[in-house]
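Chain by chain, the residues run as shown.
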Amino acid sequence: MFIQTESTPNPATLKFLPGQTVLDAGTADFTSPETAAKSPLARRIFAVDGVTGVFLGTDFVTVTKADSILWEHVKPAILGAVMEHFQSGAPVIEGEQAASGHASHDGPDEDIVRQIKELLDTRVRPAVAQDGGDITFHGFDRGVVYLHMQGACAGCPSSTLTLKMGIENLLRHYIPEVLEVRPVAA
C-alpha cells in the first residue's frame, strides 16, 4: 500500500491519500480522541503523540498536529497508523455514520438557504476538499451566512481570507440577500 501526502494551506495540517475510499459519503471531523470513539481509524491516528485533529473525506484523511511538534517526527507514525488500519480490514466508522453536512433551515428564508447550499456544494466544497477540508452551512440570519469550517480549514491562517474574499464574494454575487459570511466554532 502506498499512501501519498499533500501539504495544505494550513501548516499544522497534512492530507494523507491512501489510494482507496475512506468514507462512502460525507465527511467526519474528530477534534479530540474522545470524539473519535466510533472511528477505529481516527483512534489509531490519535494514538500518535502530537495529533490534535483527524478529518475524514471520501478519499483522504487530514491530520492536524500540535504547533510544538514537527511533521518529521509524527508523519512516519501517522503513515503507519493509516496503513495498519486499512490492512486490518476494520471499518473506518463503526455503526451508523452521523450525517455530516449542512444544517437544516426552514422558514421565510428557505429559498435563499437552498441557493446558498447549492452554491456551497457545487462551487466551494469541491475546491476546499482539494485542500483537505470542508465548509458546511450552519445558519442564515438577517443577511449573515454562518459557515462551519472543518479539517484543514479549521484554524488555517488563510481561512479568513477564503471566507471573506472568496466565499462571501461568490455568495453576494449570486444571492443579493447575502450581506456577510462569518465562521462558527464547532
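All of the points below concern the structure found in this document. (Residues numbered from 1 in each chain as written. Predicted model: local features only at pLDDT ≥ 70, side-chain atom pairs only at ≥ 80, totals over all residues. Heavy atoms only, no water.)

1. Quick notes on the sheet that holds strand S2 (residues 13-17)
Alright, step 1. Across the sheet, which stays open at both edges, the 5 strands sit in the order S1-S2-S5-S4-S3 with antiparallel pairing between neighbours. If you trace the sheet from one side to the other, it starts and ends with strand S1 (4-7) and strand S3 (28-30), each paired once. Geometrically, the sheet is characterised by an average inter-axis angle of 20 degrees between neighbouring strands, direction not taken into account.
Alright, step 2. For strand S4 (residues 51-56) and strand S5 (residues 61-65), the ladder comprises 5 bridges, and the chain directions are antiparallel. If you follow Phe55 over to S5, its bridge partner there is Thr62.
Alright, step 3. Each of S1, S2, S4 and S5 touches helix H2 (residues 71-88); the most contacted strand, S2, lies at about 30 degrees to it. (Pairing = 2+ DSSP bridges. Helix = DSSP H or I, 4+ residues; strand = E, 2+ residues; numbered from the N terminus. Axes fitted to C-alpha atoms, helices over the stretch in contact; angles between N-to-C directions. Contact = heavy atoms within 4.5 Å.)

2. Some words on the sheet that holds strand S8 (residues 180-184)
Alright, step 1. Reading across the sheet, the 3 strands line up as S6-S7-S8 and stay open at both edges, with mixed pairing between neighbours. Across the chains shown, the open sheet's two edge strands, defined by having one partner strand only, are strand S6 (133-141) and S8. Ignoring which end each strand starts from, the neighbouring axes of this sheet average 30 degrees apart.
Alright, step 2. The strands touched by helix H3 (residues 110-130) are S6 and strand S7 (144-151); relative to S6, the strand with the most contacts, the crossing angle is about 160 degrees.

3. A word on helix H4 (residues 159-174)
Spacing of three or four residues puts side chains on the same side of an α-helix, whose turn is 3.6 residues.
Alright, step 1. Helix length check: H4, at 16 residues, gives a terminal C-alpha distance of 21 Å against a target of 22 Å (1.5 Å per residue), a fit within 8%.
Alright, step 2. At Glu168, H4 shows its largest kink, close to 30 degrees.
Alright, step 3. Of the positions making up H4, those classed as buried are Ser159, Leu163, Ile167, Glu168, Leu170 and Leu171. (Expected span 1.5 Å × (residues − 1). Bend = angle between axes of the 7 residues up to and from the residue. Buried < 20%, exposed > 50% of the residue type's maximum accessible area, 1.4 Å probe, protein only.)

4. Overview of the pattern of salt bridges
Alright, step 1. A full pass over the atoms with the stated rule returns 10 salt bridges.
Alright, step 2. Across the pair Lys15 and Glu6 runs a salt bridge, and its minimum N-O distance is 3.9 Å.
Alright, step 3. Its relative accessible area of 34% is what places Glu6 among the partly exposed residues.
Alright, step 4. One salt bridge in this structure joins Arg172 and Glu168, with 3.6 Å as the shortest N-O distance. With a gap of 4 residues between them, Arg172 and Glu168 both fall in helix H4, about one helical turn apart.
Alright, step 5. On the basis of relative accessibility, which here comes to 42%, the residue Arg172 falls in the partly exposed class. (Salt bridge = Lys/Arg side-chain N within 4 Å of Asp/Glu carboxyl O.)

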